[in-house]
Amino acid sequence: QVQLVESGGGLVQAGASLRLSCAASGRTSTSLVMGWFRQAPEKEREFVAAITWDGISSISTTRFTISRNNAENTVYLQMNSLKPEDTGVYYCAASRTLPYPGRRANGYEYWGQGTQVTVSS
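Bringing the side chain of Ser21 into the picture now. By the element assignment, Ser21 lies in strand 3 (residues 18-26). Judged by relative accessible area, which is 16%, Ser21 ranks as buried.

Among the 6 residues of strand 5 (residues 46-51), 5 are classified as buried, and the element is accordingly described as predominantly covered. Looking at chain direction, strand 4 (residues 33-39) and strand 5 are connected through 5 bridges and run antiparallel. Bridge pairing in strand 5 places Arg38 opposite Glu46. Count of turn residues in the strand 4/strand 5 antiparallel hairpin: 6 residues, of which Glu42 carries a positive phi of about 65°. Note: strand 5 against strand 6 (residues 57-59), 3 bridges, orientation antiparallel. When the bridges of strand 6 are listed, Ala50 appears paired with Ser58. Linking strand 5 back to strand 6 in an antiparallel pair, the connection comprises 5 residues, with Gly55 at a positive phi of about 95°.

The full count for this structure, using the stated rule, is 1 cavity of 30 Å³ or more. In this structure, the largest cavity encloses a volume near 70 Å³. Taken together, the residues that form the lining of the largest cavity break down as 4 nonpolar, 6 polar and 1 charged.

Bringing the nonpolar core into the picture now. In terms of nonpolar packing, the biggest core is built from 25 residues, with Leu4, Met34, Trp36, Val75, Leu77, Met79 and Tyr90 touching the most fellow members. Within the residue set of this core, elements represented by two or more residues are strand 1 (2-7), strand 3, strand 4, strand 5, strand 7 (64-69), strand 8 (74-79), strand 9 (88-95) and strand 11 (115-120). Looking at this core, the element that brings in the most residues is strand 3, giving 4 residues. Within the second largest apolar cluster, 7 residues are counted, among which are Phe37, Ala93, Leu98 and Tyr108.

What counts, and where the lines are drawn
- Residues numbered from 1 in each chain as written.
- Predicted model: local features only at pLDDT ≥ 70, side-chain atom pairs only at ≥ 80, totals over all residues.
- Heavy atoms only, no water.
- Helix = DSSP H or I, 4+ residues; strand = E, 2+ residues; numbered from the N terminus.
- Buried < 20%, exposed > 50% of the residue type's maximum accessible area, 1.4 Å probe, protein only.
- Pairing = 2+ DSSP bridges.
- 1 Å grid on protein atoms, 1.4 Å probe; cavity = no way out; pocket = protein on both sides within 12 Å on 5 of 7 lines; lining within 4 Å.
- Points joined across faces, edges and corners; volume = space filled by probe spheres on them.
- Nonpolar A, V, L, I, M, F, W, Y, C, P; charged D, E, K, R; others polar.
- Core = buried A, V, L, I, M, F, W, Y, C linked by side-chain atoms within 4.5 Å.

Spelled out as structure tokens, the structure:
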């Protein structure tokens, strides 16, 4: 099992930046593909970013950057120029099976509890 704990969410004004962190523990390995998804009220969970162990990434917007520290089993999501539509619960996810930074939620076996990001206008 892999446990994921997100942190770094909060309430910010439009245009601000936030950095989310996700710490992995348990049966972790550097081969895990790590991802971020978000879910706004009454909307489906959507892809934000993902990264392989060797740094190949996929991202939904150039305002965000994903990175990871394999030595610390941590993945980061740097979010800049935040907009009200970025509001939602941000979830960290991990996959042992994906060979690439997948964009579909059903490709990830492990999920964190989520951290709330609220962007006011």
